[in-house]
Amino acid sequence: MDYKNTSKIYLASKSPRRRELLAMMGIKFDLLEIDIPEEVNEDEGFRDYSTRICNEKAEAAWQHILENNLLQMPVLTADTEVVFNNIVFGKPVDYDDAFRMWRTLAGNHHLVITTITLKYKDFHKTVSSESLVYFDEMTDKDIHAYLATGDYKDKSGAYGIHTFAGQFIQRIDGCFYSIMGLPLNAVRHLFADLGKYEAV
């Protein structure tokens, strides 16, 4: 089964960017808003954290489908984290927190990891995409100019690569769409794997 032949899936994400990217692939979907605690456990590495969160979202979504007798369709979940010096920069709690993140990232490079999980009945697979993002040096005025747009809200690391913030990025090593929140090529391959599973 090629993903283009999939009638519809569930996207368990509140991110409007992921909706846009999935639609861009030609995949039809219904939304499932699943809330789970997103806190890094003590001594938990960022890769393990991102994988755990993605898997927990998928399991919670599937349970929601079963408990509410919803149509059983594949569920796609995703988690994007900005990591600097092995520390996860989550979504900023306020303006000052966002400024702190930007002040730290300015003039440095950091890692962005996006993990995705596809689940359908007994099929459950998780993969991750990692990219490096290099930021320019910035003045406090530069940072305040970006934060004034409000774009930092509800974004890991307090920025979106496809917005006003993009002008401060020197280069990226990796997948642009992964940094945006959904590695399209990895999604395509997950659907190919699901097709092989269903063909058995």
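Reading the values: the criteria
- Residues numbered from 1 in each chain as written.
- Predicted model: local features only at pLDDT ≥ 70, side-chain atom pairs only at ≥ 80, totals over all residues.
- Heavy atoms only, no water.
- Helix = DSSP H or I, 4+ residues; strand = E, 2+ residues; numbered from the N terminus.
- Rg over C-alpha atoms; globule rule 2.2 N^0.38 Å.
- Buried < 20%, exposed > 50% of the residue type's maximum accessible area, 1.4 Å probe, protein only.
- Contact = heavy atoms within 4.5 Å.
- Areas by Shrake-Rupley, 256 points an atom, 1.4 Å probe, with all protein chains shown as cover.
- Lys, Arg positive; Asp, Glu negative; His and termini not counted.
- Charge placed at Lys NZ, Arg CZ, Asp CG, Glu CD.
- Axes fitted to C-alpha atoms, helices over the stretch in contact; angles between N-to-C directions.
- Parallel < 35°, antiparallel > 145°, perpendicular 65-115°, else oblique.
- Left-handed = near helix turned anticlockwise from the far one by under 90°.
- Pairing = 2+ DSSP bridges.
- 1 Å grid on protein atoms, 1.4 Å probe; cavity = no way out; pocket = protein on both sides within 12 Å on 5 of 7 lines; lining within 4 Å.
- Points joined across faces, edges and corners; volume = space filled by probe spheres on them.
- Nonpolar A, V, L, I, M, F, W, Y, C, P; charged D, E, K, R; others polar.
- Core = buried A, V, L, I, M, F, W, Y, C linked by side-chain atoms within 4.5 Å.
- Polar contact = N/O pair within 3.5 Å; in protein donor to acceptor, adjacent residues only side chain to side chain.
- Expected span 1.5 Å × (residues − 1).
- Salt bridge = Lys/Arg side-chain N within 4 Å of Asp/Glu carboxyl O.

**Quick word on the overall build of the chain**
Working step 1: Of the regular secondary structure elements, the chain holds six helices and seven strands.
Working step 2: N-terminal to C-terminal, the α/β element order of the chain is β-α-β-α-β-β-α-β-β-α-β-α-α.
Working step 3: A compact globule built from 200 residues should have a C-alpha radius of gyration of about 16 Å, and the chain, at 17 Å, falls within 12% of that.
Working step 4: Overall, the C-alpha framework of the chain stretches about 55 × 30 × 25 Å when taken along its three principal axes.
Working step 5: Per-residue burial for the chain yields a buried fraction of 48% across its 200 residues.
Working step 6: Of all intrachain contacts in the chain linking residues separated by at least 6 positions in sequence, the fraction that spans at least 24 positions is 66%.
Working step 7: When the accessible surface of the chain is summed, it comes to about 10000 Å², and 47% of that surface belongs to carbon and sulfur atoms.
Working step 8: Counting 22 positive and 30 negative side-chain charges, the chain places the centres of these two groups 7 Å from one another.

**Remarks on the packing of helix 3 (residues 95-105) against helix 4 (residues 140-147)**
Working step 1: Relative orientation of the contacting elements helix 3 and helix 4 amounts to 130°, with a least axis distance of 10 Å. In terms of their interaxial angle, helix 3 and helix 4 are classed as oblique. Between helix 3 and helix 4 lies a crossing whose hand is right-handed. Judged by residue contacts, Tyr95, Ala98, Phe99, Trp102 and Arg103 of helix 3 engage Asp140, Ile143, His144, Tyr146 and Leu147 from helix 4.

**Concerning the pairing of strand 3 (residues 75-84)**
Working step 1: When you tally the buried positions in strand 3, you get ten out of ten residues, the bulk of the element.
Working step 2: Going residue by residue along strand 3, you find Val75, Thr77, Asp79, Glu81 and Val83 tucked away on one face and Leu76, Ala78, Thr80, Val82 and Phe84 tucked away on the opposite face as well.
Working step 3: Both strand 1 (residues 9-11) and strand 3 contribute to a ladder of two bridges, which runs parallel. By the bridge assignment for strand 3, Tyr10 is matched with Val75.
Working step 4: Direction of pairing for strand 3 relative to strand 5 (residues 109-120): antiparallel, over a ladder of nine bridges. Bridge pairing links Leu76 to Leu118 in strand 5.
Working step 5: Where strand 3 meets strand 4 (residues 87-89), three bridges bridge the pair, whose relative direction is antiparallel. Bridge pairing in strand 4 links Val82 to Phe89.
Working step 6: Counted along the chain from strand 3 to the antiparallel partner strand 4, the turn is two residues long, and its residue Asn85 has a positive phi close to 55°.

**Concerning the layout of surface pockets**
Working step 1: Estimates place the volume of the largest pocket at around 650 Å³.
Working step 2: Every residue lining the largest pocket is counted, 32 residues in all, and those nearest its centre are Arg18, Thr80, Lys91, Asp154 and Ser156.
Working step 3: Its residues assigned to classes, the lining of the largest pocket comprises 13 nonpolar, eight polar and eleven charged.

**A short note on the nonpolar core**
Working step 1: Core analysis: the largest hydrophobic core is formed by 56 residues, its most contacted members being Leu22, Leu76, Trp102, Tyr159, Leu182 and Val187.
Working step 2: Not counting the four nearest positions on each side in its chain, Trp102 is found in contact with Phe135, Met138, Ile143, Tyr146, Leu147, Gly157, Ala158, Tyr159, Ala165 and Phe168.

**With respect to the side chain of Ser156**
Working step 1: In this structure, Ser156 sits in the loop between helix 4 and strand 7 (169-173).
Working step 2: A distance of 2.8 Å separates the side chain of Ser156 from the backbone oxygen of Thr80, its partner in a polar contact.
Working step 3: In contact with Ser156, not counting residues within four places along its chain, are Thr80, Glu81, Val82, Phe89, Gly90 and Lys91.

**Let's talk about helix 2 (residues 46-67)**
Working step 1: The end-to-end C-alpha separation of helix 2 is 31 Å, in line with the 32 Å expected for 22 residues at 1.5 Å each.
Working step 2: Within the span of helix 2, buried status applies to Phe46, Tyr49, Ser50, Arg52, Ile53, Cys54, Lys57, Ala58, Ala61, Trp62 and Ile65.
Working step 3: In the core, the buried residues of helix 2 are packed alongside strand 1, strand 3, strand 4, strand 5 and strand 6 (123-135).
Working step 4: Of the residues one or two after helix 2, Asn69 is the one with positive phi, at around 50°.

**Quick notes on the pattern of salt bridges**
Working step 1: A complete count under the given rule lists 13 salt bridges for this structure.
Working step 2: Salt-bridge contacts for Glu38 lead to Lys57; the nearest nitrogen and oxygen are separated by 3.8 Å. Within this pair, whereas Glu38 is found in the loop between strand 2 (29-31) and helix 2, its partner Lys57 is found in helix 2, the two being separated by 19 residues in sequence.
Working step 3: Glu38 gets classed as partly exposed once you look at its relative accessible area, which sits at 38%.
Working step 4: One continuous salt-bridge network, built from bridges that share partners, spans Glu44, Arg52 and Glu56.

Function cannot be inferred from these measures alone, as they are strictly geometric.
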